[in-house]
Amino acid sequence: MEAIQELYQEIIIDHSNCPRNEGKIENPTHIAEGYNATCGDELTISLLVKNEIIEDIKFQAQGCSISRASGSMLTEKIRGMSFNGALKFSNNLRKVLSNDFSETFDENEMGDLVALLGIKQFPMRIKCATLAWHTFENALKNITKNIVN
Ligand code: FES
């Protein structure tokens, strides 16, 4: 395995084993549940948005290590962002992960999220990586349930 792939794998294992911001916000302003239709795994995102800023965000996942790690990384990245900025960031990241080359990211600004780019080599696992992001975007749009096919 290449060194960079090993690094990506270590980051994913770390977030999966020690997830950041795991749980549910007690009185969320936004919440959504997402399901991966392929495997049945589920993930919930809850948010507290005040004055257009995402003040708090938590996730709960019953799924594989990639979906848990992705949810953990999402919460770290998104907390403190503006509503519109977070929505745009999430949309762009999903496009990058889905090999839509209309969007690019500066890898130096991605932090741990760069590890998700390694998933692109495994097309069957891309839905695992994008489940949290789909669910997050739906939460912002007040779509409370979504199925990723
Ligand atoms: Fe189900 Fe990854 S195997 S989300």
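The preceding data block contains the structure.
*Asks:* Account for the packing of aromatic side chains, with residues named and values stated.
*Replies:* On inspection of all chains with the given rule, the structure shows 1 aromatic pair. The interplanar angle of 45° and the centroid separation of 6.1 Å between the aromatic rings of Phe 89 and Trp 133 together place this pair among those described as tilted. Of this pair, Phe 89 sits in helix 3 (residues 83-97) while Trp 133 sits in helix 5 (residues 126-140), and the two are 44 residues apart along the sequence. As far as burial versus exposure is concerned, Phe 89 and Trp 133 are alike and both buried.

*Asks:* Tell me what's going on with the packing of helix 2 (residues 65-78) against helix 5, and back it up with residues and numbers.
*Replies:* Running from N to C, helix 2 and helix 5 cross one another at 45°; their axes reach a closest spacing of 7 Å. Classified by the angle their axes make, helix 2 and helix 5 are oblique. Between helix 2 and helix 5 lies a crossing of right-handed hand. For the pair helix 2 and helix 5, contact is made by Ile 66, Ser 67, Ser 70, Gly 71, Leu 74 and Ile 78 and by Cys 128, Ala 129, Ala 132, Trp 133 and Phe 136, respectively. Grouping the constituent residues of the contact of helix 2 with helix 5 by class yields 8 nonpolar, 3 polar and no charged.

*Asks:* Break down the nonpolar core for me, with residues and values.
*Replies:* Within the largest apolar cluster, 41 residues are counted, with the highest numbers of intra-cluster contacts made by Leu 47, Ile 54, Ile 78, Leu 116, Trp 133 and Phe 136. Per-element tally for this core: the top contributor is helix 5, with 9 residues. Setting aside residues up to four positions removed in sequence, Leu 47 forms contacts with Ile 25, Pro 28, Thr 29, His 30, Ile 54, Asp 56, Ile 57, Phe 136, Ala 139 and Leu 140.

What counts, and at which threshold
Residues numbered from 1 in each chain as written. Predicted model: local features only at pLDDT ≥ 70, side-chain atom pairs only at ≥ 80, totals over all residues. Heavy atoms only, no water. Phe/Tyr/Trp six-rings, centres within 6.5 Å; stacked < 30°, edge-to-face > 60°. Helix = DSSP H or I, 4+ residues; strand = E, 2+ residues; numbered from the N terminus. Buried < 20%, exposed > 50% of the residue type's maximum accessible area, 1.4 Å probe, protein only. Axes fitted to C-alpha atoms, helices over the stretch in contact; angles between N-to-C directions. Parallel < 35°, antiparallel > 145°, perpendicular 65-115°, else oblique. Left-handed = near helix turned anticlockwise from the far one by under 90°. Contact = heavy atoms within 4.5 Å. Nonpolar A, V, L, I, M, F, W, Y, C, P; charged D, E, K, R; others polar. Core = buried A, V, L, I, M, F, W, Y, C linked by side-chain atoms within 4.5 Å.

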